[in-house]
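# Structural overview for review
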Amino acid sequence: MYSGLIHAHSGFRWIVLVLLLVTIINAFGKRNGAKPWTVQDQKLALYTFISTHIQLLLGLILYFISPKVLFAGAAMKDKVLRFFTVEHSLLMLIAIALITVGYLNAKKAPEGKKAKTIFTYFLIALILIIIRIPWPFMGVGGSWF
């Protein structure tokens, strides 16, 4: 079960990253208000919102069953334990909170501000996600898939 969840969480990140990039690029082109924010644009943002929350659920399950997460002070002394217990988890929660707030604010925003709201919040979230994904070159046991 653990191995399957790890692969699902690691593989699903690519879907999340692609959706985030597509949504950000789409919102970038419409952020000045020259092009209207359409129902399709809102659906794209919704799919991105949903995918990040599915990733969050997978991550929360892993957080509580993973041997790489330790709820003790000793976790701070080990690079891998600290990364997964604190750094990765905290930044991903912040990024998903930004995506949630951005999506909900964009739904309520006037027509000319929807794209700019999505662009700003989702871009900041993407940056946080990219810097704290356990990439293979970071030395914390991550893989490409």
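Just so you know, these numbers come straight off a predicted model, no measurement behind them.

Below, the discussion takes up the layout of surface pockets. If a probe as big as a water molecule is rolled over the atoms, it shows which places are left empty. The computed volume of the largest pocket comes to approximately 630 Å³. In this structure, the largest pocket is lined by 30 residues; those nearest its centre are His9, Gly59, Leu62, His88 and Met92. Going through the elements one at a time, α1 (2-30), α2 (39-65) and α3 (79-108) are the ones with two or more residues in the lining of the largest pocket. Of the residues belonging to the lining of the largest pocket, the class tally is 17 nonpolar, 11 polar and two charged.

Right, let's talk about the packing of α1 against α2 for a bit. It is the contact of α1 with α2, at a shortest axis distance of 9 Å, that shows an interaxial angle of 155 degrees. The orientation of α1 with respect to α2, classified from their angle, is roughly antiparallel. Judged by the sense of rotation from one axis to the other, the crossing of α1 with α2 is left-handed. Tallied by class, residues from the contact of α1 with α2 come to 17 nonpolar, eight polar and three charged.

On to the confidence of the model for the protein. Overall, the prediction assigns the protein a mean pLDDT of 92, with 100% of residues at 70 or greater. The lowest-confidence element of the protein is α3, averaging 94 in pLDDT; the highest-confidence one is helix α4 (residues 114-132), averaging 97.

Now for the side chain of His9. Here His9 shows up in helix α1. Contacts of His9, omitting those with residues within four sequence positions, involve Gln55, Leu58, Gly59, Leu62 and His88.

Attention now moves to the packing of aromatic side chains. Taken as a whole and judged by the stated rule, the model has six aromatic pairs. Between Phe49 and Tyr103, the ring centres sit 4.8 Å apart and the planes meet at 25 degrees, which makes this aromatic pair stacked. Here Tyr103 lies in helix α3 and Phe49 lies in helix α2, a separation of 54 residues in the sequence. With a relative accessible area of 18%, Phe49 lands in the buried category. Residue class for Tyr103 comes out buried when judged on its relative accessible area of 6%. Of the aromatic side chains, those joined through ring pairs into one cluster are Trp14, Trp135 and Phe137.

So, about the environment of Trp144. Mapping Trp144 onto the fold places it in the segment after α4. Spatially, the C-alpha atom of Trp144 lies 34 Å from that of Thr38, the residues being 106 residues apart in sequence. Among all residues touching Trp144, those that are not within four sequence positions of it are Arg13, Trp14, Trp135, Pro136 and Phe137.

Rules and cut-offs
- Each chain carries its own residue numbering, running from 1 in the direction its sequence is written.
- Per-residue local features of the predicted model are confined to residues with pLDDT of at least 70, and side-chain atom pairs are confined, for both listing and counting, to 80 or more; whole-chain, interface and lining totals are unaffected and use all residues.
- To get the side-chain values, all heavy atoms of the structure are used, and hydrogens and water are removed first.
- Residues are called lining when one of their atoms sits within 4 Å of a cavity or pocket point, these points coming from a 1 Å grid over the protein atoms alone, where a cavity is a set in which a 1.4 Å probe fits but cannot get out and a pocket is an open set with protein on both sides within 12 Å along at least five of seven lines.
- Grid points are joined across faces, edges and corners, and a volume is the space filled by probe spheres set on the points.
- Comment: elements are numbered from the N terminus, with helices defined as DSSP H or I runs of at least four residues and strands as E runs of at least two.
- Residue classes follow a fixed rule: Ala, Val, Leu, Ile, Met, Phe, Trp, Tyr, Cys and Pro count as nonpolar, while Asp, Glu, Lys and Arg count as charged, and any other residue, Gly among them, counts as polar.
- Axes here refer to lines fitted to C-alpha atoms; in helices the fit is confined to the stretch in contact. Angles between the N-to-C directions go from 0 to 180 degrees.
- Roughly parallel here means an angle under 35 degrees, roughly antiparallel means over 145, roughly perpendicular means 65 to 115, and every remaining angle is called oblique.
- Handedness of a crossing is defined here by the sense of rotation of the near helix relative to the far one, left-handed for an anticlockwise turn of less than a right angle and right-handed for a clockwise turn.
- What pLDDT conveys is the predictor's confidence in a given residue, as a value from 0 to 100.
- Residue contacts follow a heavy-atom distance rule, with two residues in contact if any of their heavy atoms lie within 4.5 Å.
- Here is the rule: rings of Phe, Tyr and Trp (six-membered ring for Trp) pair when centre to centre is within 6.5 Å. Planes less than 30 degrees apart are stacked, more than 60 are edge-to-face, and the remainder are tilted.
- We call a residue buried when its accessible area falls under 20% of the maximum for its residue type, exposed when it is over 50%, and partly exposed in between, using a 1.4 Å probe and counting protein chains only.

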